[in-house]
Amino acid sequence: MTSFLASSRVPMLLVLVLFTLTSLTGSSLGNFYQDFDIIWGDWRAMILNDGELLNLNLDQASGSGFQSKNEYLFGKIDMRLKLVPGNSAGTVTAYYLQSKGSAWDEIDFEFLGNLSGDPYILHTNVYSQGKGEKEQQFYLWFDPTADFHTYSILWNPQRIIFYVDGSPIREFKNMESIGVPFPRYQPMRIYSTLWNADDWATRGGLVKTDWSQAPFTASYTSFNASNACVWINGASSCDSNNFSPPAWLSEDLDSTNLDKLQWVQTNNMIYNYCTDAKRFPQGFPPECNMS
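Each chain carries its own residue numbering, running from 1 in the written order of its sequence. With pLDDT at 70 or above as the cut-off, local features in this predicted model cover only qualifying residues; side-chain atom pairs require 80 or more to be listed or tallied, and sums for whole chains, interfaces and linings still use all residues. Processing note: side-chain calculations cover all non-hydrogen atoms of the structure and skip hydrogens and water entirely.

**Side note on the sheet that holds strand β8 (residues 121–127)**
And then number 1: For two strands to be treated as a pair, DSSP must find no fewer than two bridges joining them. In DSSP terms, a helix is any run of H or I states spanning at least four residues, a strand is any run of E spanning at least two, and both are numbered starting from the N terminus. Strand order in this open sheet of eight strands is β1-β4-β13-β6-β7-β8-β9-β16, and the pairing throughout is antiparallel. Each edge of the open sheet is held by one strand with a lone partner, namely β1 (36–40) and β16 (269–272). Ignoring which end each strand starts from, the neighbouring axes of this sheet average 15° apart.
And then number 2: When strand β4 (residues 64–68) meets strand β13 (residues 189–196), the two strands line up antiparallel, connected through four bridges. In the strand pairing of β13, serine 64 is matched with leucine 194. Axis definition: a line fitted to C-alpha atoms, over the contacting stretch in the case of helices. Angles run 0 to 180 degrees between N-to-C directions.

Rendered as structure tokens:
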């Protein structure tokens, strides 16, 4: 850094400003030592490769988990995951955003394990003010255990979009105008856990975890929250006078991505709460009646 400054004569004040802006908008390099804390599971959660890789493990004694050091109020956040291979029945790998308190907000990816040869189920949900029950579930169009794939959440004041490898799979719009709560007031941390849920995760709990296959391992890499608003001391980094509003803060789905969304929902969606008439005999939630 010293030789660079000497040769280019960049003013020190400018360097400090650039450093501050980068810090406030999140880490773009995705170093797990810098960005996350292990919160559960002791040695079962391991950061490897100089912070570029994180493994969560589950055995019969315990699962494991981590959380982000930062809280965020809106963002476009990416993580690459490789899920538990082989017979993963009974296991759940959860990757989600969540706020604190009894009236919490939450945006969920949950990966429900299955018997070898059967597909994972990707379970999504949105909570606002402690109320969820907005589930959609999908089969993925690839084997999520064979390699890393990117799972992304775009969360801005107008909508939440779930992406898999850059393709949108679900959009949840802000419909506060018709009385549907939307998570836009509470900062959230990023969490991920690997745990045993064989009372419900696989075929409603009919298939139990085979502990002879333990330890089960899920892997993480390439975290990116450079396009996110960090919540610091009661304020958002995106409210700073140094920033003009970033494009993602008002991002919508263009026609190409709307086509991709429709394709996934037509071909890979296996459950949608908005079509479950048995669950809502008195009528569907109001957002289900909106186009």
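**Notes on the confidence of the model for the protein**
And then number 1: Averaged over all residues, the pLDDT of the protein is 89; the fraction at 70 or higher stands at 88%.
And then number 2: Note that residues 1–28 has pLDDT below 50 and, in this model, 28 contacts with residues that lie over four places away or in other chains. Confidence per residue, as judged by the predictor, is encoded in pLDDT with a range of 0 to 100. The contact definition used throughout considers only heavy atoms, calling two residues in contact when any of these lie within 4.5 Å.

**Concerning the pairing of strand β14 (residues 216–232)**
And then number 1: With six bridges connecting them, strand β3 (residues 53–58) and β14 associate as antiparallel partners. Residue pairing across strands places leucine 54 opposite tyrosine 220, the latter belonging to β14.
And then number 2: Of the strand pairs in this sheet, strand β5 (residues 71–82) and β14 are connected by eight bridges, and their pairing is antiparallel. Following the sheet pairing, leucine 81 is matched in β14 by tyrosine 220.
And then number 3: Examined bridge by bridge, β14 and strand β15 (residues 235–236) share two bridges and lie antiparallel to one another. Bridging from a neighbouring strand, tryptophan 231 pairs with serine 236 of β15.

**Description of the packing of aromatic side chains**
Aromatic ring pairs: the centre-centre distance and the angle between the two ring planes describe each pair.
And then number 1: Aromatic rings from Phe, Tyr and Trp, taking only the six-membered ring of Trp, are treated as a pair when their centres fall within 6.5 Å; an angle between ring planes under 30 degrees marks them as stacked, one over 60 as edge-to-face, and anything in between as tilted. In this structure the tally under the stated criterion is 19 aromatic pairs.
And then number 2: On the numbers, 4.8 Å between centres and 75° between planes, the contact of phenylalanine 36 with phenylalanine 223 is edge-to-face. Of the two residues, phenylalanine 36 is situated in strand β1 and phenylalanine 223 in strand β14; the sequence distance between them amounts to 187 residues. Phenylalanine 223 carries the same exposure label as phenylalanine 36, and that label is buried.
And then number 3: Each ring, one from tryptophan 211 and one from phenylalanine 216, has its centre 6.0 Å from the other, and the planes form 65°; the classification is edge-to-face.
And then number 4: Here a set of aromatic residues connected by ring pairs shows up, and it is made of Phe32, Phe36, Phe66, Tyr220 and Phe223.
And then number 5: Cation over ring: lysine 76 sits above tyrosine 163, and NZ or CZ is 6.0 Å from the ring centre. Residue burial is assigned from relative accessible area. The probe radius is 1.4 Å, only protein chains are included, and a residue is buried under 20% of its type maximum, exposed over 50%, and partly exposed in between. Placement of a positive charge over a ring is assigned whenever Lys NZ or Arg CZ falls within 6 Å of the ring centre and within 35 degrees of the normal to the ring plane.

**So, the UniProt feature "active site" (unreviewed entry) in the protein**
And then number 1: As annotated by UniProt and renumbered to match this structure, "active site" (unreviewed entry) occupies Glu106 and Glu110.
And then number 2: With respect to the secondary-structure elements, glutamate 106 resides in strand β7 (residues 106–112).
And then number 3: The buried category is assigned to glutamate 106, whose relative accessible area is 9%.
And then number 4: As for its position among the elements, glutamate 110 is in strand β7.
And then number 5: Residues within four places of glutamate 110 in sequence aside, it is in contact with Val92, Thr93, Ala94, Ile121, Leu122, His123, Trp195 and Trp200. UniProt positions are given in the numbering used here, feature names are shortened, and annotations may be inferred rather than shown by experiment.

**A look at the environment of leucine 81**
And then number 1: The residue leucine 81 is located in strand β5 in this model.
And then number 2: Judged by relative accessible area, leucine 81 falls into the buried class, the value being 1%.

**Considering the state of the cysteines**
And then number 1: Cysteine sulfur atoms are paired as a disulfide whenever they come within 2.5 Å of each other. For the structure on display, the rule yields two disulfides.
And then number 2: With its sulfur 1.9 Å from that of its partner, cysteine 274 forms a disulfide with cysteine 288. Because the sign of the S-S torsion sets the handedness, a value of about -75° for the bond joining cysteine 274 and cysteine 288 places this disulfide among the left-handed ones. Residue cysteine 274 is found in the segment after β16, and its partner cysteine 288 is found in the segment after β16; the two are separated by 14 residues along the sequence. Both residues of the pair, cysteine 274 and cysteine 288, count as buried.
And then number 3: What links to what in the protein: the bonded cysteines, counted in sequence order, pair as 1-2, 3-4.

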